[in-house]
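Geometric and topological summary
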Protein chains: 2
Amino acid sequence: MAAFTTPIPEKTIERLSEYRRTLIACHRRGITHVFSHILAGIHGITAVQVRRDLMLIGFSSDTKKGYDVKVLIDFIDSILYSENTMKVAVMGMGHLGQAITKYFNSKQLNIRITTAFDVDEAKVGQTIMDIPCYHINDFEEVVEENDISIVIISLPSSLASQYTVPIINAGIKGVLNFTSAPLNFPQGIVVENYDITTILEKVAYFVKAAEENNNNQ
Amino acid sequence: MAAFTTPIPEKTIERLSEYRRTLIACHRRGITHVFSHILAGIHGITAVQVRRDLMLIGFSSDTKKGYDVKVLIDFIDSILYSENTMKVAVMGMGHLGQAITKYFNSKQLNIRITTAFDVDEAKVGQTIMDIPCYHINDFEEVVEENDISIVIISLPSSLASQYTVPIINAGIKGVLNFTSAPLNFPQGIVVENYDITTILEKVAYFVKAAEENNNNQ
């Protein structure tokens, strides 16, 4: 639907996804219109930023009553989502894989986690969090048969690198890597490294830096 | 130990945390020295970036053999970590909270998840993933008694906002928010919003954009 061929900046995409969830919450409560400064306040940013993001996707129907909530949701949907549901596989169905599957599939999105993979014989062949779990050795075959385009890697970090080749061979287009192993993929595959340890260490560092600054004052 | 009063940029902190893990893996394999371009290659960035990051923290002992792995690990530790272990609480001990606790505490870090909170009576009073689980209503008291400075929020999104006041009152300094509810805290509290849905939607968008570009060519 969207007429854009140049991808929109990453940060704008993140914020659109966040605005969308807030707008859906508004819509559920019967709120029909919302001003840019209200959206901005909820997300801790400026109204200028909100307006700039929406201008960037070509949305400009700001009225005296603010943005029409339903119209804006549909517009963001047309930017973020394919017309067809995008299918996602999870590699590694431990606590993290299960948490991600449950959390993600409980949302009403045009992206679904449909298939799991693991090495644990107790999990293979079972239905876990409502999706079938296959042996990781069958990854390429199952991905191709099921038209899966994105994989979430929630394996132990030490195992992750051995599955980069099957991921490439299977024709996967996007990777969300939760391990702390940096994974390299050829150009054309979108990779997002999302290591929890790094983020927690970052928070800890800024807490420490703030404390040291206080002590020095 | 570190003599910095101005915080180092966020992205540099993230990369330092990532370099550190790579260096530890090198150290375990008996590798004593590593060149900046090797570190750069593993992390998919340029050698200039690596050298700039290390210069920023005042590390400059690059020799003909490359960086001394052990010395660099200790140096990064002195920047990232307090001398005392930093204590972290998890709010919400469902699949995600358990996964984070298990994953994080299995690493050798100077930051520990020591305490869990939940509303589920079946969990309260139990030891889960080797840490005690308290009722969330006792959050302020338990946090103060146990000198906890960071909280990870892995509650259902709909519950998260009602705990911002207890978090502030308890004197928490850093928040890692895994819910999709944007949470506002006063200045002085470090907040990192880390919503899985947003990241997966971002990957999906760039996969879609790449496909559309291919179709247009």
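For the structure, check the block above.
This section reports on the structure supplied with the text. Sequence order sets the numbering: in each chain, residues are counted from 1 along the sequence as written. Chain letters start at A and ligand numbers start at 1, both assigned in the order the entries are written. For a predicted model such as this one, the threshold for reporting local features is a pLDDT of at least 70, and the threshold for listing and counting side-chain atom pairs is 80 or more; totals across whole chains, interfaces and linings nevertheless cover every residue. In computing side-chain properties, one takes all heavy atoms of the structure into account and sets aside hydrogens as well as water.

Quick word on a nonpolar patch on the surface
Keep this limit in mind: Candidates for patches are residues over 30% relative accessible area with no salt bridge; among them, like charges are joined within 9 Å and nonpolar side chains (Val, Leu, Ile, Met, Phe, Trp, Tyr) within 5 Å. Residue exposure ignores everything except the shown protein chains as possible cover, and the areas themselves are Shrake-Rupley values with a 1.4 Å probe. The salt bridge definition used is simple: a Lys or Arg side-chain nitrogen within 4 Å of an Asp or Glu carboxyl oxygen. Numbering goes from the N terminus for both helices and strands, where a helix is a DSSP run of H or I of at least four residues and a strand is a run of E of at least two.
Together, Phe-35, Ile-38 and Ile-42 of chain B make up an exposed nonpolar region whose accessible area comes to about 220 Å². Structurally, Phe-35 of chain B is set in the loop between β1 (33–34) and α2 (36–43).

Here we look at the interface of chain B and chain A
Using the following cut-off: Between two residues, a contact is recorded if the distance between any of their heavy atoms is within 4.5 Å. We define buried area as the total accessible area lost by two parts upon association, computed with a 1.4 Å probe and summed across both. Any pair of nitrogen or oxygen atoms within 3.5 Å is treated as a polar contact; in protein, a donor-acceptor pairing is required on top of that, and neighbouring residues in sequence qualify only through side-chain atoms on both sides. Put simply, Ala, Val, Leu, Ile, Met, Phe, Trp, Tyr, Cys and Pro go in the nonpolar bin, Asp, Glu, Lys and Arg in the charged bin, and everything else, Gly too, in the polar bin.
Facing the 69 residues of chain B at the interface are 69 residues of chain A. When residues of chain B are sorted by the area they lose upon contact with chain A, Tyr-194, Leu-200 and Glu-201 of chain B head the list and together hold 11% of the total. Linking chain B with chain A are eight salt bridges, by the criterion used here. Across the pair Lys-202 of chain B and Glu-192 of chain A runs a salt bridge, and its minimum N-O distance is 3.2 Å. Our enumeration of links across chain B and chain A arrives at 25 residue pairs in polar contact (both at pLDDT 80 or more). At the level of secondary structure, the elements contributing two or more residues to the side of chain B that touches chain A comprise α1 (10–28), α2, α4 (69–80), α5 (95–105), β7 (150–153), β8 (174–177), β9 (190–193) and α9 (196–216) of chain B. Here the side of chain B that touches chain A gets 18 residues from one element, more than from any other, and that element is α9 of chain B. Its residues assigned to classes, the side of chain B that touches chain A comprises 35 nonpolar, 19 polar and 15 charged.

Observations regarding the sheet that holds strand β5 (residues 127–128) of chain A
Through backbone hydrogen bonds, the strands of a sheet pair up, either in parallel or in antiparallel fashion. Heads up, the rule is: Any two strands with at least two DSSP bridges between them are considered paired.
Within the open sheet, the seven strands sit side by side as β5-β6-β4-β3-β7-β8-β9 (chain A). Their pairing is mixed. Pairing within the sheet leaves two strands with one partner each, and these edge strands are β5 and β9 (190–193) of chain A.

With respect to the sheet that holds strand β6 (residues 131–135) of chain B
Residue and element names in this part refer to chain B. The strand order β5-β6-β4-β3-β7-β8-β9 describes an open sheet built from seven strands, whose pairing is mixed. Bordering the open sheet on either side are β5 (127–128) and β9, each of which pairs with just one other strand. With four bridges joining them, β7 and β8 adopt parallel strand pairing. By the bridge assignment for β8, Ile-152 is matched with Leu-176.

Digging into helix α3 (residues 47–56) of chain A
Residue and element names in this part refer to chain A. Rules: Relative accessibility thresholds used throughout: buried, under 20% of the residue-type maximum; exposed, over 50%; partly exposed, between the two (1.4 Å probe, protein chains only). Throughout, the arc means the angular range of directions from the helix axis out to the C-beta atoms.
Along α3, the residues that are buried comprise Ala-47, Gln-49, Val-50, Asp-53 and Leu-54. Angular distribution of buried residues about the axis of α3 spans 160°; they occupy a single face of the element. Buried residues along α3 sit in contact with α1 (10–28), α2 (36–43), β2 (67–68) and α4 (69–80). Downstream of α3 by one or two residues, Gly-58 has phi in the positive range, about 85°.

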